[in-house]
Amino acid sequence: MIQASNKKALELCHIDGSKHIFLQGSETGLSFGESAAFATEIHFYCEPNSEPIEPPGHQQGPAQWHGHQVLLSKFNGCVSGEYRIGLDAQRHVIFQREVSPWIVTTTDVIPLHEWHSIVCSYDGHYMRIYIDCRHAAHIACGPQKTDLTTPTLIGADLCGYASAHHFEGYISEVSLWQRSLDAAEVKSLATSNPLNSKTLSKDLIGYWCIYQRADMSAPVKNNVLLVGDQQFNGTFIVEGTQLLNRWRGWLANGGESLPRSASVAVGSGSAGPLFSKEEGVHLFVSGSASVLSFGGTASFTLAVQFLPQPTQEKPGDDTRYVLMSKFHSGLRGEYRLGLDAQLRPFFHREVQPWQVLSPTAVTAGEWHEVCATYDGATMRLFVDRRLVASAKAGAQFTDQVTPVLIGAQYGKSSVEQHFEGFISEVRVWDRAVTAEEAQQMFVAHSAKATSIRRGMLGRWRPIDTRTDEPDGRITLFNSIAARSVNQPCMDAILKRHVVIHPLELTLRVGVRAVLVELGAITPHSVQWRRAIDMVSERDGYKHYCYLGTSVALQKSLLQALDLHAHELLAQQLQSVQDVNDHTLKRLHVELRQKRLDVRGRGSQLYREWFFHNPISFLRECDGDRCEFWRFRYPGRREKAMQMVVEQALARYPPSNKEPLIISSFGSGLLYQEFCHLCKLIAAGYRHLRLVLVDNAYTPWKQKYLARDGCCRIYCQPSTELSADMIRPAPTYAAPGTTKEALENTAASAVNNAISFVMYNEALFQFVQWFSTIPDVDVQVLLYDSVDAYIADCNLSPHEVMSHICSAIDYKDNDKLLEDFVNHMSTNTLRDDGVCIKLVTRSGEHLPGVYVEDRHRRVLHTLPLTNDHESHFAGACEECTP
């Protein structure tokens, strides 16, 4: 504590809205990602909070952060970060990490005009706060994403390229440990300096005494002498133009693609990434299919701030420059907002009169605002804060399948109608805003108004994006969304989707395929994008990627997957109250029984690995109680899959002219076929089409389309689907119905719903990896029968007839699938196509890998040995005595 008479010391450690401290080298050196433990102690004196400085045209983070005072942060509220420590608007102490539950807050309030100390500690499992060495709050918290680009600041945090949420008062000392502190160590801080204590100095990496320097221009030295050049010394940064330029430069170097200022006129909005047809740039809003559905006469508002760019290409009469859409041309949709060929703004709903159109065009190269509202009876369109068109309109079609796109719309076979220019900000409300609100919504301070925030579901600012991975992926966070497990956050993902091989087949009459659109997947952390090795050596143990290498393991995981599907259905249908529906009763009976049946490591590892990270490695175990974990002959399947790659490279080298088409029968091979794709991508293939045939996909079509026909599936987790979509078909007692018939009907309905959820979840897990590779175009076609696939081959042989038919059977000595495979390969392979099988021929004792042509002539054979590969000297924890 500094005495009030020591005016020089107080002046040197004073923090307010005009300055903060930047710790050099902290971007990587003070990172505590994943489950890394750390702790910090801060001594401070709090003064009344004044209005934070807000640079023109830049809103400082979500509304719930207004009034926060940050003491220590490695955090960019609009981009990324790891930790944030300070006070909220009521001066409760807050400790935030970038993973759910995100934040722990104390009930204690820090008094004004007093010196206090706080300790925030994380031990890999719990976040804890101590005020004046007394425990004040804690909460359980798991691993978070690692951020190696955001710097650590004292007295503020970052919001985009500007500092924000400045502390008002004095910060005298800050200590930082690369480990957690226990309660006894925190208590000893009341009488000990960390530098002089043998216990407290352990793993101490930073101690900044801010007032111990000559003058304001002197650096804030780290008193902990570290090995190496990086000492994490602090520099006082004063607000102003130089500061903004510094953060702009830092973001550019750290990965954010800043707007091309040379081509953007000065306006009231930010520029953001360039949307264009040439590069296929648009934003996909994850989890929006049901949350942003406004069917019937539901009220809603769309608002966009944008700058159209002049185009060299002469537009046609049907050209549209779409700013925002929930629309799939020719199939379904609800709304579109954009510009026509003459740059006149329009607002479209799926009911007559279909759209309202502005009588005048906007000017290219200038910033504009457009706001579209529907109040249940009237569509209104505001352009640059003026009402320009309105029309009466009734109830429209409800579409809870198509997701929202920003800067484009879904076309018949690809994303189309791209906007040309910059989009600064997009907002969505579940109500119709008033004319006065429409005039004020993009004014700098209007976002703070309670009336504007009411009913707002989404707010995305492209200027707030950054490239957070080497693969160039950009995620734009929805600053309004509640970060909870059960509610989609609706973050937007920037896509560069230029379709080279459009699949027109999905819209032809009578076609029975289901296409899974891989461009519409929510990204996860870096674990989704890491390279895949089917077999690797690590620490002397064999590691296998379990995708397709073990039927026993797959069965164990499918048991857990089945339990998860029952639990998910029950959770999603909690709001459905129908006491007469025997199907719902049957669902809950099965769930109770499965919770008793499914236990042990199968369920545990499914929850910990499969559901959260489907591309994990499993360690093989020879324990007596681990028979269901044993991998059977993984080397055989590895050789067979390698044969697929070798044949593909020899016969159909990677090409931009057409995709490589691979087909397979049986949904049990789903994991294995994705392994093929992983290996082919590693071999240089960038355009692939995977055809899977199995009657398990019938429920997909029944649920999404309610008829036996074609449909494009926007793959989403089942938690983001509406209850109506995943609810089993109801079963009601009728006069003359026997109890047995009633039970059979209910059981069949539950099985169909479980099948839908299981395959929806499984496919969603596996397609995530491919969708995050920017230059890879992967399409997956699902058929419910071999005959349906053959029918499509007759309709459009060039689009779906396969180059390679894969039949790597799980049953080494069984012909269970071979009849189906032979029928499929004979009728669906191209003239130069091959079928690759791993089977045991009749009369033989050992299997082999056989390459056959479409007439079943053997072209190549790879004999396999009887080596038993599944044993090694090791056991898992469960089997260790």
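Residues numbered from 1 in each chain as written. Predicted model: local features only at pLDDT ≥ 70, side-chain atom pairs only at ≥ 80, totals over all residues. Heavy atoms only, no water.

With respect to the overall build of the protein
(1) Moving on: Helix and strand counts for the protein stand at 18 helices and 45 strands.
(2) Moving on: Considering only contacts within the protein whose residues lie at least 6 apart along the sequence, 73% involve residues at least 24 apart.
(3) Moving on: Accessible area for the protein stands at about 35300 Å²; split by element, carbon and sulfur atoms hold 51% of it. (Helix = DSSP H or I, 4+ residues; strand = E, 2+ residues; numbered from the N terminus. Contact = heavy atoms within 4.5 Å. Areas by Shrake-Rupley, 256 points an atom, 1.4 Å probe, with all protein chains shown as cover.)

Observations regarding the nonpolar core
(1) Moving on: One finds Ile42, Phe44, Phe95 and Ile171 to be the most contacted residues of the largest nonpolar core, which totals 57 residues.
(2) Moving on: With six residues, the top contributor of residues to this core is strand 3 (residues 38-46).
(3) Moving on: Once residues within four sequence positions are removed from consideration, Ile171 is found in contact with Cys13, Ile15, Ile42, His43, Phe44, Leu71, Ile154, Gly155 and Ile210.
(4) Moving on: Within the second largest apolar cluster, 41 residues are counted, among which are Phe294, Val356, Ala372 and Ala391. (Core = buried A, V, L, I, M, F, W, Y, C linked by side-chain atoms within 4.5 Å. Buried < 20%, exposed > 50% of the residue type's maximum accessible area, 1.4 Å probe, protein only.)

Some points on helix 18 (residues 818-828)
Since one α-helical turn is 3.6 residues long, residues separated by three or four positions face the same way.
(1) Moving on: All of the buried residues in helix 18 are Glu818, Val821, Asn822, Met824, Ser825 and Thr828.
(2) Moving on: Against the buried residues of helix 18 lie strand 38 (660-665), strand 39 (687-693), helix 16 (786-795), strand 42 (802-808) and strand 43 (829-839).

Points about the side chain of Glu41
(1) Moving on: In this structure, Glu41 sits in strand 3.
(2) Moving on: Although Glu41 lies buried, it forms no salt bridge, and the closest oppositely charged side chain, Arg179, sits 11 Å away as judged by the N-O distance.
(3) Moving on: One polar contact links Glu41 to His43, side chain to side chain, over a distance of 3.1 Å.
(4) Moving on: In this structure, Glu41 is in contact with Ser117, Ile118, Val119, Glu173, Val174, Ser175, Trp177, Leu189 and Pro194, ignoring residues within four places of it in sequence. (Lys, Arg positive; Asp, Glu negative; His and termini not counted. Salt bridge = Lys/Arg side-chain N within 4 Å of Asp/Glu carboxyl O. Polar contact = N/O pair within 3.5 Å; in protein donor to acceptor, adjacent residues only side chain to side chain.)

Here we look at unusual backbone geometry
(1) Moving on: Residues Ser100 and Pro101 are joined by a peptide bond in cis, for which omega reads 10°.
(2) Moving on: Here Pro101 lies in the loop between strand 6 (92-97) and strand 7 (103-109).
(3) Moving on: Omega for the bond connecting Gln352 with Pro353 falls within 30 degrees of zero, at 10°, which places this linkage in the cis form.
(4) Moving on: Structurally, Pro353 can be placed in the loop between strand 22 (345-349) and strand 23 (355-357).
(5) Moving on: The phi angle at Phe232 is positive, at roughly 60°, despite the residue not being glycine.
(6) Moving on: Secondary-structure assignment places Phe232 in the loop between strand 15 (204-209) and strand 16 (234-238).
(7) Moving on: Owing to a relative accessible area of 7%, Phe232 belongs among the buried residues under this scheme.
(8) Moving on: With a phi angle near 50°, Asp384 is a residue other than glycine that sits in the positive phi range.
(9) Moving on: As for its placement among the helices and strands, Asp384 is situated in the loop between strand 25 (378-383) and strand 26 (386-392).

Topic: the side chain of Asp157
(1) Moving on: Among the secondary structure elements, Asp157 is positioned in strand 12 (residues 157-159).
(2) Moving on: Overall, the relative accessible area of 0% leaves Asp157 in the buried class.
(3) Moving on: A polar atom in the side chain of Asp157 sits 2.7 Å from the side chain of Arg84.

What about the pattern of salt bridges?
(1) Moving on: Inspection of the entire model under this criterion finds 20 salt bridges.
(2) Moving on: Glu590 is the salt-bridge partner of Arg586, the closest N and O atoms lying 3.0 Å from each other. Of this pair, Arg586 and Glu590 both sit in helix 9 (residues 582-597), four residues apart, roughly one helical turn.
(3) Moving on: Among the ionic contacts, a cluster of salt bridges with common partners joins Glu425, Arg427, Arg459 and Arg461.

Structural notes on the packing of helix 16 against helix 18
(1) Moving on: The contact between helix 16 and helix 18 brings their axes to 10 Å, and the two run at 5°. As judged from the angle between their axes, helix 16 and helix 18 are roughly parallel. Facing Val786, Asp787, Tyr789, Ile790 and Cys793 of helix 16, the residues of helix 18 in contact are His823, Met824, Asn827 and Thr828.
(2) Moving on: Taken together, the residues of the contact of helix 16 with helix 18 break down into five nonpolar, three polar and one charged. (Axes fitted to C-alpha atoms, helices over the stretch in contact; angles between N-to-C directions. Parallel < 35°, antiparallel > 145°, perpendicular 65-115°, else oblique. Nonpolar A, V, L, I, M, F, W, Y, C, P; charged D, E, K, R; others polar.)

So, the packing of aromatic side chains
(1) Moving on: Counted according to the given criterion, the structure contains 16 aromatic pairs.
(2) Moving on: Between Phe32 and Tyr83 the ring centres are 5.9 Å apart and the planes differ by 45°, which places this aromatic pair in the tilted class. Separated by 51 residues along the polypeptide, Phe32 in the loop between helix 2 (26-29) and strand 3 and Tyr83 in strand 5 (residues 80-87) bring together distant segments of the chain. The same class applies to Phe32 and to Tyr83, which are both buried. (Phe/Tyr/Trp six-rings, centres within 6.5 Å; stacked < 30°, edge-to-face > 60°.)

Quick word on the pairing of strand 8 (residues 115-122)
(1) Moving on: The element strand 8 is largely enclosed, with a buried count of eight among its eight residues.
(2) Moving on: Judged by which residues are buried, strand 8 turns out to be covered on both faces: Trp115, Ser117, Val119 and Ser121 on one side and His116, Ile118, Cys120 and Tyr122 on the other are all buried.
(3) Moving on: Alignment of strand 3 against strand 8, held across eight bridges, turns out to be antiparallel. Directly across from Glu41, in strand 8, lies its bridge partner Val119.
(4) Moving on: Sheet topology note: the strand 8/strand 9 (residues 126-131) ladder contains five bridges and is antiparallel. For Ile118, the partnering residue across the bridge sits in strand 9 and is Ile131. (Pairing = 2+ DSSP bridges.)

Topic: the environment of Phe275
(1) Moving on: Position of Phe275 relative to the elements: it lies in strand 17 (residues 274-275).
(2) Moving on: A C-alpha to C-alpha distance of 7.6 Å links Phe275 and Ile423, two positions 148 residues apart in sequence.

Details of the pairing of strand 39
(1) Moving on: Along strand 39, seven of the seven residues are buried, which leaves the element largely enclosed by surrounding structure.
(2) Moving on: Alternating positions in strand 39 separate into two faces, His687, Arg689, Val691 and Val693 on one and Leu688, Leu690 and Leu692 on the other, with burial throughout.
(3) Moving on: With six bridges connecting them, strand 38 and strand 39 associate as parallel partners. Paired with Ile661 across the strands is Arg689, a residue of strand 39.
(4) Moving on: Taken together, the seven bridges between strand 39 and strand 41 (residues 777-783) define a ladder with parallel strand orientation. When the bridges of strand 41 are listed, Val691 appears paired with Leu781.

Details of the confidence of the model for the protein
(1) Moving on: Overall, the prediction assigns the protein a mean pLDDT of 75, with 70% of residues at 70 or greater.
(2) Moving on: Within the model, pLDDT remains below 50 along residues 606-632, and this stretch shows 101 contacts once partners closer than five positions in the same chain are excluded.
(3) Moving on: pLDDT under 50 marks residues 869-881. Its contacts with residues more than four places away, or in other chains, come to 35 contacts. (pLDDT = per-residue confidence, 0-100.)

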